[in-house]
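Okay, here's what each chain looks like letter by letter:
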Amino acid sequence: MNTFSVVSIFPELIEAFGMTGIVRRAQVHGHVVLNTVDPRSYSVDGKGKIDDAPYGGGAGMVMMVPPLRKAINAARKLTVNGSKVVYLSPQGRPIDHQLIVELTSIDHLILVAGRYEGIDERVIERDIDMELSLGDYVLSGGEIAAMAVIDAIVRLLPGSLGNDLSAATDSFSDGLLRNEQYTRPERIADQSVPAVLLSGNHAEIQRWRRKQSLGRTWLKRPDLLEVIDFSQDDRDLLEEFQAEIGTRGDVRNDDNG
Ligand code: 9D3
């Protein structure tokens, strides 16, 4: 069983997230517990003050040590097992699939979501085990990042809906993008489902899907290809895809017109 405790001054945001979809289902089935701890409940003045002006001056406010540290320690007490404390921040290590896989084995993940200009550095020094980022763009706080991490972990847990099938064929599980998907109807105006998918020839379908995965990764995310060791079969399939280009409607990122 995995427990997530989110330290946030917007617990209602996290609670709403826990009431929908795969995270709700995992909680109902007893695979996951999702807690929230609000630092305002641990304010020093008893009136909910949790931030103060930065030493040295400058814009904005900084989240104070005492309420945040008390909230983290309250979160630690929510499980008997040990916890790992993650701070979501723009200074963190960018999250990828491999890291998410590693986080699935942590019993209790405490996710600290900052607001304002961030949190007092002494909390990072003393209370935080790991600092993680969603990427190089600016959010207004850590809550969305915390929810992204929880969502990515929960869908990998045994017992999650579609876990056995989709998790293994996910984009990034083998470092490649997934092939394109189609459903009914078979034809809309001039747009038809690729004939191979209607052929019933499973071996041909598998081969086509692998070729598309390789080709789409080459087109859309060439950076991903650089770190993969390919079999001769894969190299042949990618060459086949590249030779067919121009006879197909594939689209490169930022080249949709
Ligand atoms: C405009 C504010 N910036 C001043 C130079 C610094 C700043 C402070 C706080 C920037 C962002 C934030 C809040 N961001 C997060 O809490 C956050 C985040 C992000 O902004 N980008 C990517 N991943 C993450 S994880 C948490």
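The structure we're discussing is the one just above.
In this text the structure is predicted, and so the values were computed from the model without any measurement.

Each value, and the rule that gives it
- Residues numbered from 1 in each chain as written.
- Predicted model: local features only at pLDDT ≥ 70, side-chain atom pairs only at ≥ 80, totals over all residues.
- Heavy atoms only, no water.
- Salt bridge = Lys/Arg side-chain N within 4 Å of Asp/Glu carboxyl O.
- Helix = DSSP H or I, 4+ residues; strand = E, 2+ residues; numbered from the N terminus.
- Buried < 20%, exposed > 50% of the residue type's maximum accessible area, 1.4 Å probe, protein only.
- Pairing = 2+ DSSP bridges.
- Axes fitted to C-alpha atoms, helices over the stretch in contact; angles between N-to-C directions.
- 1 Å grid on protein atoms, 1.4 Å probe; cavity = no way out; pocket = protein on both sides within 12 Å on 5 of 7 lines; lining within 4 Å.
- Points joined across faces, edges and corners; volume = space filled by probe spheres on them.
- Nonpolar A, V, L, I, M, F, W, Y, C, P; charged D, E, K, R; others polar.

(A) How the structure looks around the pattern of salt bridges. Throughout the structure, instances matching the rule amount to ten salt bridges. Across the salt bridge formed by E143 and R115, the nearest N and O atoms sit 2.9 Å from each other. Here R115 lies in the loop between β6 (108–113) and α5 (121–127) and E143 lies in helix α6 (residues 143–154), a separation of 28 residues in the sequence.

(B) View of the pairing of strand β1 (residues 2–7). Here β1 lies mainly inside the structure; six of its six residues are buried. Across six bridges, the pairing between β1 and strand β2 (residues 32–37) is parallel. Opposite T3, over in β2, you have V33 as the bridge partner.

(C) Spatial organisation of the sheet that holds β6. An order of β2-β1-β6-β5-β7 is seen for the five strands of this open sheet, with the pairing classed as parallel. Both edges of this open sheet fall to β2 and β7 (130–133), since each of them pairs with a single strand only. The sheet shows a mean angle of 30 degrees between the axes of neighbouring strands, taken without regard to direction.

(D) Examining the environment of R252 more closely. Among the structural elements, R252 can be located in the segment after α10 (232–244). In this structure R252 comes out as partly exposed when scored by relative accessible area, which is 42%. Residues R252 and N35, spaced 217 residues apart in sequence, show a C-alpha to C-alpha distance of 41 Å.

(E) View of the layout of surface pockets. Its volume calculated, the largest pocket comes out at about 560 Å³. In terms of lining residues, the largest pocket is bounded by 20 residues, among which I95, D96, H97, Q98 and F172 are the most central. Going through the elements one at a time, α4 (97–103) and α6 are the ones with two or more residues in the lining of the largest pocket. Taken together, the residues that form the lining of the largest pocket break down as eleven nonpolar, five polar and four charged. Looking at the second largest pocket, its volume works out to about 440 Å³. What lines the second largest pocket is a set of 25 residues, among which Y87, L88, S89, P90 and Q91 lie closest to the centre. For the lining of the second largest pocket, the secondary-structure elements that each account for two or more residues are β5 (83–94), α5 and β7. With five residues, the single largest contributor to the lining of the second largest pocket is β5. Residue composition of the lining of the second largest pocket, grouped by class: twelve nonpolar, nine polar and four charged.

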